[in-house]
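As a plain string of letters, each chain reads:
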Amino acid sequence: MKRIIGIKFSHYGQIYFFYCEDPFVDRGDRVLAETGQGLGIATVMNIVDRLPEDLPPDGVRDVLRKVTDEDQIVAEENDTLTYSAHKFCESRIRERQLDMKLVDVEVLFDRSKLVFYFTAPTRIDFRELVKDLVREYHTRIELRQIGVRHETQMLGAVGSCGMVCCCRRFLRKFVPVTIKMAKEQNLFLNPSKISGICGRLLCCLSYEQENYDIFHSSCPRLGKRYQTNKGPMKVLRANMFRNSVALLTDTNEELELTLDEWQALDPRRPDAPPRPEGKPDAKPENKPSSPRPHDELMVVMADPDTIDEAFGDESDELVDDLGGLNDGEMETLEEGLRPKRKRKRKR
C-alpha cells in the first residue's frame, strides 16, 4: 500500500507530497525522487494520511527509492561541482563586468542541468556568459532571476528582532505586504524600522493584519465628530489591544470606552442621512484588495547542441527578453515609501 510522504529538496524549500511504496521509509530519511526538472535528493519531513485538498491525486509522483551509498557519493560529488561552478560563474561575471549578483547554484542529481540563481537591478545581456557556462560544463544551463526576498531566504540572515529571518526558518510562500498595513498598525513610517534585511517591508507585518482589519471594521473613524445619546463626541484614538476608543466630549473631558459601550451610545455622524427605523447603519464591506499581478522574473535556458543558434550575435531581439526585471513586487511592497517624482512643466 502506498503511503503519502512530505519531502523537502532543500532546507529553505517548501514541502512536496509524493507516494512511497517502501514501508521502511521514515522521517529524516533521504530519498531519491523525480521532479519536473530532473532527479533530486530530498529529506522526508512527515508522513500524512491524506493529501491536501488543493492537490489532485493525479499530480502526485512516486518516490524512486531510499538514498544508497552510491547515491551519497554522487551527492558529495555534486556538492563539489556546485562549489566550483559558483566560483567559475562569479569569475566570468567579473571578467565580463555584468551588473548581476550570483546567489546560488543548484546541480541536479543526474547532472542533466545546472541552475544559477541571481539578482540584477537592470537589463543584462549575458549571452556570452551562457556560452561560457555551457562550454565549460557541457550540460543544460538555466539562469533564473530571483527577487531580493528569495535571496535572503536562500542565504539566511538575522533580523532586527535578533532571530533568523522568518523566510529562512518557516516561510515558504511570500504574501503581499503594503505600507497600508504599517499605517493601520500605528507604526512609524521609517523605512529602516519597518524594512527587513532584504530591503522590503517586514513579512511579519502581515501576521496580525487580519485582527487589525476586524478591529477597524467596527471602529469609528479617527478625528471625526459623532452625535451620541450623551451629546457630540470626537474620536481621538483607537486601541486594538484594549478594544477601546478614546473620545473627547464638548466639555473637553476625555473618555475611554470599549467598542461595545461605544455602540450602546447609538453614534451617528451629523452629516449622515437619517437611517430608517429598525435598520442599523450599513457598514462598508472590507474586501481584501487583490494583489497586483507580478511580472514573471527572467528564466533563460540553454542547451549545448543549440547554444550557438539560440545565442548568436544576430539575435538582438533576445536582449530585451533577457533583462526583464520584476518591478511589480517592489511597487506592491514599498508603495508609499518612495518619494514622488516631480513632473517638469513644458515651456
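Relevant structure appears above.
Below is a summary of the structure that appears in this document. Since we're looking at a predicted model, the values are computed, not measured.

1. Focus on the overall build of the protein chain
So, point 1. Summing up its helical and strand segments, the protein chain has 11 helices and 13 strands in all.
So, point 2. Here the protein chain holds 347 residues, and the buried ones make up 38% of them.
So, point 3. Counting only carbon and sulfur atoms, one obtains 50% of the accessible surface of the protein chain, whose full area is about 22600 Å².

2. A word on the pairing of strand 7 (residues 113–119)
Within a regular strand, the side chains alternate between the two sheet faces.
So, point 1. For strand 7, the tally of buried residues reaches 7 of 7 residues, placing the bulk of the element in the interior.
So, point 2. Covered by surrounding structure in strand 7 are Lys 113, Val 115, Tyr 117 and Thr 119 together with Leu 114, Phe 116 and Phe 118, the residues of both alternating faces.
So, point 3. Examined bridge by bridge, strand 6 (residues 101–107) and strand 7 share 6 bridges and lie antiparallel to one another. Along strand 7, the bridge assignment pairs Asp 104 with Tyr 117.
So, point 4. Where strand 6 folds back on strand 7, the antiparallel hairpin that results is connected by 5 residues, among which Arg 111 adopts a positive phi of roughly 55 degrees.
So, point 5. Strand direction decides the pairing type here: strand 7 and strand 8 (residues 140–145), joined by 6 bridges, are parallel.

3. Topic: the nonpolar core
So, point 1. By size, the foremost hydrophobic cluster in this structure holds 26 residues, and its most contacted members are Met 100, Phe 116, Phe 126, Leu 129 and Leu 133.
So, point 2. Those elements that place two or more of their residues in this core are helix 1 (69–96), strand 6, strand 7, helix 2 (127–137), strand 8 and strand 13 (299–302).
So, point 3. Cys 219, Ala 238, Leu 259 and Trp 262 belong to the second largest nonpolar core, which has 14 residues in total.

4. Thoughts on unusual backbone geometry
So, point 1. Positive phi, normally seen in glycine, also occurs at Asn 252, with a value near 60 degrees.
So, point 2. With respect to the secondary-structure elements, Asn 252 resides in the loop between strand 11 (244–249) and strand 12 (254–258).
So, point 3. For Asn 252, a relative accessible area of 65% corresponds to the exposed category.
So, point 4. You will see that Asp 266, though not glycine, has its phi angle at about 55 degrees, which is positive.
So, point 5. Among the structural elements, Asp 266 can be located in the loop between helix 8 (259–264) and strand 13.

5. Comments concerning the packing of aromatic side chains
So, point 1. Enumeration over the complete set of coordinates arrives at 6 aromatic pairs.
So, point 2. Ring plane angle 85 degrees and centroid distance 5.5 Å describe the contact between Tyr 226 and Trp 262, whose orientation is recorded as edge-to-face. Taken together, the residues span a long stretch of sequence, with Tyr 226 in strand 9 (residues 225–228) and Trp 262 in helix 8 at a distance of 36 residues.
So, point 3. Its relative accessible area of 9% is what places Tyr 226 among the buried residues.
So, point 4. Put simply, the rings of Phe 9, Tyr 16 and Phe 18 touch in pairs and so form one group of aromatic residues.
So, point 5. A cation over a ring is seen here: Arg 269 above Tyr 226, with NZ or CZ 5.8 Å from the ring centre.

What counts, and where the lines are drawn
Residues numbered from 1 in each chain as written. Predicted model: local features only at pLDDT ≥ 70, side-chain atom pairs only at ≥ 80, totals over all residues. Heavy atoms only, no water. Helix = DSSP H or I, 4+ residues; strand = E, 2+ residues; numbered from the N terminus. Buried < 20%, exposed > 50% of the residue type's maximum accessible area, 1.4 Å probe, protein only. Areas by Shrake-Rupley, 256 points an atom, 1.4 Å probe, with all protein chains shown as cover. Pairing = 2+ DSSP bridges. Core = buried A, V, L, I, M, F, W, Y, C linked by side-chain atoms within 4.5 Å. Phe/Tyr/Trp six-rings, centres within 6.5 Å; stacked < 30°, edge-to-face > 60°. Lys NZ or Arg CZ within 6 Å of the ring centre and 35° of its normal.

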